[in-house]
Amino acid sequence: MAAAAAGGNSAPPAEVEAVAASWMLEFSCCCLCRHFGDECLAEFQRWSDVACALINGLSKIPTHQKKTVYLCQLLIRIAKGKKLECHFENCKRISPLESALSFWTLLEREEIQLEKLHKDIRQLIQIQIVAVYMESGYFKEAAEALERLFTDSESDKPLRMKLATVIKSKDPYVPLLQTFSYDFLIRKIKSYIELFMKENETNFLLQAAMKEVESQGLGAIALQSKTVNADENDKKNLELKQRLTKKRRSIADQSPGGKRNPTVRPHAGRKLRERTVLQSLNGLQNVEKHGHALVSVRKRQRWTYNEDLKLKLGVKEFGVGNWAKILVHGDFSNRTSVMLKDRWRTLCKIQRS
């Protein structure tokens, strides 16, 4: 910088900013990919804001950065895929996943060597666009989205017909939607991200940051700190184990009167406690997130008219699939979210018949 000033020459500030912004955008995209893969929502949101600010600052997307921009926009929309209240397009009818599909189509045009993966992800997005509407009880919107998603292409006809049948059934738990689930879509996106990250290992800003970390020994310090913490945890676990063992032996060796009982076997108390722990764990498996512990064996309790009414109102307010919310706000007695889901499926079948 000093040399440039001494020579009387300096690069135009606008061009310098453009180059720096280009590096920052590529770095932001790498961070987005990493946090999406790690499912670190807070960091993903932070880098989403950074990427959006940089993308919005572009007057025109440079050809060499199209893929980067499209991928950022895709990930941001996929992350909000189940939140129908979020809108990325001017048309409020377009869901986050529909918006994501448009960017996936743009990404497909930038690549030709990943045809199979492209097709898989495109079809998963199409299926989940319909699924998300149906899970919220928006069957009319699902049908409208289906009309927007598919052309009259013969290659799309089988999937289009299957989804049309699913929408008519009004059952969001059919095998097609359960097999090609939202989680399956996320896994496929992650596999695509891994390929993208391998292609961009030479990112300038990323390489510069890595060199800086290595030169200052920050990586070694972080690793050493992690090792120390692990050693401390191991030491604490060992001490706890020793205390529990000592206490267990003390209990096993004493009779109710406080005197040593030579007829008590050392392992008898331990086996009893192990059975007790297993029973406790089995009990914990029946604890609902917002409810109370349930008795492992329960008499079947018939559903009342009022319970059915509260369930229907809950689905109308919170949408199909949000059973935990419906359970909390519906004031159900001795019911679980699984019971609510099963009862809703039964009501749907009754209505269809």
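Owing to the predicted nature of the structure, the values given are computational and were not obtained by experimental measurement. (Residues numbered from 1 in each chain as written. Predicted model: local features only at pLDDT ≥ 70, side-chain atom pairs only at ≥ 80, totals over all residues. Heavy atoms only, no water.)

Visitor: Outline the overall build of the protein, supporting the account with residue identities and numerical values.
Guide: A count of helical and extended segments in the protein gives 16 helices and 0 strands. Put simply, the protein has 353 residues, and 33% of those count as buried. Put simply, of all contacts in the protein between residues at least 6 apart along the chain, 63% involve residues at least 24 apart. Element-wise, carbon and sulfur atoms account for 55% of the exposed surface of the protein, whose accessible area totals about 23600 Å². (Helix = DSSP H or I, 4+ residues; strand = E, 2+ residues; numbered from the N terminus. Buried < 20%, exposed > 50% of the residue type's maximum accessible area, 1.4 Å probe, protein only. Contact = heavy atoms within 4.5 Å. Areas by Shrake-Rupley, 256 points an atom, 1.4 Å probe, with all protein chains shown as cover.)

Visitor: If you had to explain the pattern of salt bridges to someone new, which residues and values would you point to?
Guide: Applying the stated criterion to the full structure yields 11 salt bridges. Notably, a salt bridge pairs Glu-111 with Lys-67, separated by 2.4 Å at the nearest N-O pair. Remark: Lys-67 occurs in helix H4 (residues 66-79) and Glu-111 occurs in the loop between helix H5 (96-110) and helix H6 (115-135); sequence separation between them is 44 residues. Given a relative accessible area of 17%, Lys-67 falls into the buried group. The closest approach of N and O atoms between Asp-308 and Arg-343, which form a salt bridge, is 2.8 Å. Here Arg-343 lies in helix H16 (residues 337-352) and Asp-308 lies in helix H14 (residues 305-318), a separation of 35 residues in the sequence. The pair formed by Asp-308 and Arg-343 is uniform in burial state, with each residue classed as buried. Counted as one network, the salt bridges with shared partners bring together Lys-67, Glu-111 and Glu-199. (Salt bridge = Lys/Arg side-chain N within 4 Å of Asp/Glu carboxyl O.)

Visitor: Explain the nonpolar core to me, using residue names and the numbers behind them.
Guide: Membership of the largest hydrophobic core comes to 59 residues, with the highest contact counts inside it found for Leu-71, Leu-74, Leu-75, Ile-78, Leu-163 and Leu-185. With sequence-adjacent residues up to four places away left out, Leu-74 is seen in contact with Ala-100, Phe-103, Trp-104, Leu-107 and Ile-189. Listed in part, the 13 residues of the second largest apolar core include Val-315, Ile-326, Phe-332 and Leu-347. (Core = buried A, V, L, I, M, F, W, Y, C linked by side-chain atoms within 4.5 Å.)

Visitor: Mind laying out the confidence of the model for the protein, listing which residues take part and the relevant values?
Guide: Per-chain confidence: the protein averages 78 in pLDDT, with 73% of residues scoring 70 or above. Taking the mean pLDDT of every element in the protein, the minimum, 44, falls on helix H13 (residues 266-284) and the maximum, 96, on H4. When the criterion is pLDDT under 50, residues 1-8 qualifies, and its contacts beyond four places in sequence or with other chains add up to 1 contact. Taken as a whole, residues 273-298 scores under 50 in pLDDT and shows 14 contacts with residues more than four places along the chain or in a different chain. (pLDDT = per-residue confidence, 0-100.)

Visitor: I'd like a rundown of the packing of H6 against helix H8 (residues 157-169), residues and numbers included.
Guide: Relative to each other, H6 and H8 sit at 10°, their axes nearing to 11 Å. In terms of their interaxial angle, H6 and H8 are classed as roughly parallel. In this structure, H6 contributes Gln-123, Gln-126, Ile-127, Val-130 and Met-134 to the contact, and H8 contributes Leu-159, Leu-163, Val-166 and Ile-167. Each residue belonging to the contact of H6 with H8 can be placed in one class, and the counts come to 7 nonpolar, 2 polar and no charged. (Axes fitted to C-alpha atoms, helices over the stretch in contact; angles between N-to-C directions. Parallel < 35°, antiparallel > 145°, perpendicular 65-115°, else oblique. Nonpolar A, V, L, I, M, F, W, Y, C, P; charged D, E, K, R; others polar.)

Visitor: An account of the packing of H4 against helix H10 (residues 182-199) is needed here, citing residue identities and associated values.
Guide: The interhelical angle for the contact between H4 and H10, taken along N-to-C directions, is 155°, at an axis separation of 12 Å. Between H4 and H10, the angle falls in the class roughly antiparallel. Pair H4 / H10 crosses with left-handed handedness. In this structure, H4 uses Lys-67, Thr-68, Leu-71, Leu-74, Leu-75, Ile-78 and Ala-79 to contact H10, whose residues at the interface are Tyr-182, Leu-185, Ile-186, Ile-189, Tyr-192, Ile-193, Phe-196 and Glu-199. (Left-handed = near helix turned anticlockwise from the far one by under 90°.)

Visitor: Outline the side chain of Gln-65, listing residues and values.
Guide: Along the chain, the position of Gln-65 falls in the loop between helix H3 (41-56) and H4. Ignoring anything within four residues of it in the chain, the contact list for Gln-65 reads Ser-22, Leu-25 and Glu-26.

Visitor: Could you give an account of the side chain of His-35, with specific residues and numbers?
Guide: Assignment of secondary structure puts His-35 in helix H2 (residues 13-38). When its relative accessible area of 7% is taken as the criterion, His-35 is described as buried. Setting aside its immediate chain neighbours within four residues, His-35 contacts Cys-40, Glu-43, Phe-44 and Trp-47.

Visitor: Run through the packing of aromatic side chains, naming residues and quoting values.
Guide: Under the defined criterion, the tally for this structure stands at 6 aromatic pairs. For the pair Phe-36 and Phe-44, a centre-to-centre distance of 5.8 Å together with 55° between the ring planes defines the contact as tilted. You can call Phe-36 buried: its relative accessible area is 8%. With a relative accessible area of 6%, Phe-44 lands in the buried category. Arranged with centres 6.2 Å apart and planes meeting at 35°, the rings of Phe-180 and Phe-184 form a pair that is tilted. (Phe/Tyr/Trp six-rings, centres within 6.5 Å; stacked < 30°, edge-to-face > 60°.)

Visitor: Tell me about H14, residues and numbers included.
Guide: The end-to-end C-alpha distance of H14, which contains 14 residues, comes to 20 Å, matching closely the 20 Å that a straight helix rising 1.5 Å per residue would cover. Within the sequence span of H14, burial applies to Glu-307, Asp-308, Leu-311, Gly-314, Val-315 and Phe-318. Down the axis of H14, the buried side of the element spans an arc of 125°, and every buried residue falls inside it. Seen from the open side of H14, the exposed residues pointing more than 90 degrees away from its buried face are Tyr-305, Asn-306, Leu-313, Lys-316 and Glu-317. Looking at the buried residues of H14, the elements they touch are helix H15 (323-330) and H16. Two residues or fewer past H14, Gly-319 is found with a positive phi of approximately 95°. (Expected span 1.5 Å × (residues − 1). Arc of directions from axis to C-beta.)

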